[in-house]
Amino acid sequence: MRVLLLGATGTIGRAVLHALIARGHEVVALARSEASAEKIARLGGAVVRGDIGAPGQWLPGLPTVDGVIQMACDFDSAMGETEQRLLDGLLPPLAASSRKARFIYTGGCWLFGSTGDNVATEDSALSPLPAFAWMVPHLQHVLESTSIDGIVIHPAMVHGGDGGVFRRFEQDIRERRSIRIIGGEAVRWPLVHCDDLAELYAIALERAPPGATYLGVAAEGVPVGDIVRAVARRLGVATPVLDIMSEDAAAQELGEWARGYACDQRLSGAKARKELGWAPMHLDPTRDVMELCA
Ligand SMILES: NC(=O)c1ccc[n+]([C@@H]2O[C@H](COP(=O)([O-])OP(=O)(O)OC[C@H]3O[C@@H](n4cnc5c(N)ncnc54)[C@H](OP(=O)(O)O)[C@@H]3O)[C@@H](O)[C@H]2O)c1
């Protein structure tokens with residue numbers, strides 16, 4: 001398939017780009033800078049230069065595609081409006097195309113809010129973190145549209161690759177010998193390795209039924225305290241100092257979206273395993289997170 005990948009240079013996108021190419025797909029990826037264009041080209045993708053917030057500028061140069069995967073996001077206060085411009089610009093030409101495109105929309109575990117001890121599934125009601133509430137009408141639009149084959153994937157917290165927040169834990173220990181965590185060490189995060197998640201995107205692109213939603217979760221809910229202690233042990237610190245930051249302070253410093261780090265969640269990835277035959281390999285997340293720090 002020829003696939004338009006939006007967000008190809010990100011934590012998830014790089015792994016998805018690699019997985020799609022390894023499976024023989026042709027990937028056209030959007031790059032808003034020369035540096036991003038170079039990364040995409042190095043990974044074997046064809047580059048279209050542009051910003052998701054200005055689709056009118058790059059859509060005319062886009063070849064016909066069989067699929068679109070949207071995972072571009074800036075985590076700024078305008079991210080919802082930016083994505084709205086993308087959908088407004090991109091969906092009409094896809095609908096008019098002679099080939100019905102498959103469209104994978106990326107949501108996220110934080111759309112389920114704190115679950116406590118309950119294990120959320122694809123059938124659970126959404127309770128989005130306010131900073132990401134705009135995603136709900138967007139994903140509904142994609143799922144309900146009859147002119148594309150819409151699919152939604154909600155990734156768990158992604159480790160591996162550059163590792164985002166997991167890399168920050170490592171940096172904290174190296175620089176300060178203490179680790180800053182938001183909300184408390186008992187907060188549980190559902191986890192998935194970027195390579196496993198990328199396989200899920202590829203499988204979903206190839207064979208998920210239109211209208212389906214999947215949770216990309218390999219480990220149901222791992223206490224953040226276990227994760228950070230694993231990072232510290234790997235770096236030779238037996239008893240790290242945990243620097244607990246309140247959710248409000250994190251929101252103040254990083255943006256409202258950072259409240260997600262304090263969501264205490266348990267999520268199940270069973271549906272993707274059962275329906276799509278997804279078989280994540282990285283099932284011991286604390287070991288994987290420790291390997292990040294090798
Ligand atoms: N990482 C996780 O743990 C996680 C978990 C659940 C859900 N998600 C969701 O998955 C999506 C991707 O997350 P991520 O962690 O991979 O993000 P990320 O590492 O920050 O990457 C974001 C990607 O989007 C691109 N991008 C951002 N704004 C853009 C714009 N205006 N125009 C064109 N490209 C733009 C970036 O390109 P540049 O190279 O130019 O910066 C980059 O490729 C987000 O919607 C996020 O909420 C992530």
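In this text, all values refer to a predicted model and were calculated from it rather than measured experimentally.

Visitor: What is the right way to read empty space enclosed by the protein from this model?
Guide: Over the atoms, a rolling probe the size of a water molecule traces out where space has been left empty. Here the structure, examined in full by the defined rule, presents 1 cavity of 30 Å³ or more. Each pocket or cavity is described by its volume, and for the largest cavity that value is around 30 Å³. Elements represented by at least two residues in the lining of the largest cavity include exactly α6 (165-176) and β8 (178-182). Classifying every residue of the lining of the largest cavity by side-chain character gives 6 nonpolar, no polar and 2 charged.

Visitor: Even after reading the chapter, I still don't get the site of the ligand, so can you show me in this structure?
Guide: Surveying the vicinity of the ligand reveals 24 residues, the closest of which are Thr9, Thr11, Arg32, Ser36 and Val158. At 2.8 Å, a side-chain N or O of Ser36 approaches an oxygen atom of the ligand. Considered on its own, the ligand offers 900 Å² of accessible surface; in the complex 82% of this is hidden by protein. At a threshold of 2 Å from the grid points, most atoms of the ligand map onto the largest pocket. If you list the elements that add at least two residues to the shell around the ligand, you get α1 (11-22) and β7 (157-159). Class assignment of the residues belonging to the shell around the ligand gives a composition of 13 nonpolar, 8 polar and 3 charged.

Visitor: Sorry, what's going on with the layout of surface pockets here?
Guide: Taken as a whole, the largest pocket spans an internal volume of roughly 1300 Å³. For the lining of the largest pocket, the secondary structure elements donating two or more residues are α1, β2 (26-31), α4 (79-96), β7 and α6. When its residues are assigned to classes, the lining of the largest pocket shows 25 nonpolar, 14 polar and 7 charged. Taken as a whole, the second largest pocket encloses approximately 160 Å³ of empty space. Together, Leu59, Leu62, Pro63, Thr64, Val65, Leu90, Pro93, Leu94 and Ser97 line the second largest pocket. Of the residues contributing to the lining of the second largest pocket, the split by class is 7 nonpolar, 2 polar and no charged.

Visitor: What is the right way to look at helix α2 (residues 34-42) in this model?
Guide: Turn by turn, an α-helix covers 3.6 residues, leaving residues three or four places apart pointing in a common direction. Taken together, the buried positions of α2 are Ser36, Ala37 and Ile40. Summarising the axial view, the buried residues of α2 lie within an arc of 100°, below the 170-degree limit, and thus occupy one face. Next to the buried residues of α2 lie α1, β2 and β3 (46-49). Where α2 terminates, the next one or two residues include Gly44, which has phi positive at roughly 100°.

Visitor: Looking at this structure, I do not really get the packing of α6 against helix α8 (residues 224-234). What am I missing?
Guide: The description of two helices packed together rests on the angle between their axes and the distance between the axes. α8 packs onto α6 with a crossing angle of 50° between their chain directions and a minimal axis gap of 9 Å. When the axes of α6 and α8 are compared, the pair comes out oblique. The hand of the α6/α8 crossing is right-handed. For the pair α6 and α8, the contacting residues are Phe166, Phe169, Glu170 and Ile173 in the first and Val224, Ile227, Val228, Val231 and Ala232 in the second.

Visitor: I keep staring at the sheet that holds β3 and nothing clicks. Help me out?
Guide: Through backbone hydrogen bonds, the strands of a sheet pair up, either in parallel or in antiparallel fashion. If you trace the 7 strands from one edge of the open sheet to the other, you get β3-β2-β1-β4-β5-β6-β10, paired in parallel fashion. With partners counted over all chains shown, the strands left at the sheet margins are β3 and β10 (213-216), one partner each. Adjacent strand axes in the sheet meet at a mean angle of 20°, parallel and antiparallel pairs treated alike. When strand β5 (residues 102-106) meets strand β6 (residues 149-155), the two strands line up parallel, connected through 5 bridges. Each bridged residue has a counterpart across the sheet, and for Tyr105 the counterpart in β6 is Val152. The sheet contacts of helix α7 (residues 194-207) involve β1 (2-6), β4 (67-70), β5, β6 and β10, and relative to β5 the element is tilted by about 150°.

Rules of the game
- Residues numbered from 1 in each chain as written.
- Predicted model: local features only at pLDDT ≥ 70, side-chain atom pairs only at ≥ 80, totals over all residues.
- Heavy atoms only, no water.
- 1 Å grid on protein atoms, 1.4 Å probe; cavity = no way out; pocket = protein on both sides within 12 Å on 5 of 7 lines; lining within 4 Å.
- Points joined across faces, edges and corners; volume = space filled by probe spheres on them.
- Helix = DSSP H or I, 4+ residues; strand = E, 2+ residues; numbered from the N terminus.
- Nonpolar A, V, L, I, M, F, W, Y, C, P; charged D, E, K, R; others polar.
- Near = heavy atom within 4 Å.
- Polar contact = N/O pair within 3.5 Å; in protein donor to acceptor, adjacent residues only side chain to side chain.
- Areas by Shrake-Rupley, 256 points an atom, 1.4 Å probe, with all protein chains shown as cover.
- Sits in = over half its atoms within 2 Å of the grid points.
- Buried < 20%, exposed > 50% of the residue type's maximum accessible area, 1.4 Å probe, protein only.
- Arc of directions from axis to C-beta.
- Contact = heavy atoms within 4.5 Å.
- Axes fitted to C-alpha atoms, helices over the stretch in contact; angles between N-to-C directions.
- Parallel < 35°, antiparallel > 145°, perpendicular 65-115°, else oblique.
- Left-handed = near helix turned anticlockwise from the far one by under 90°.
- Pairing = 2+ DSSP bridges.

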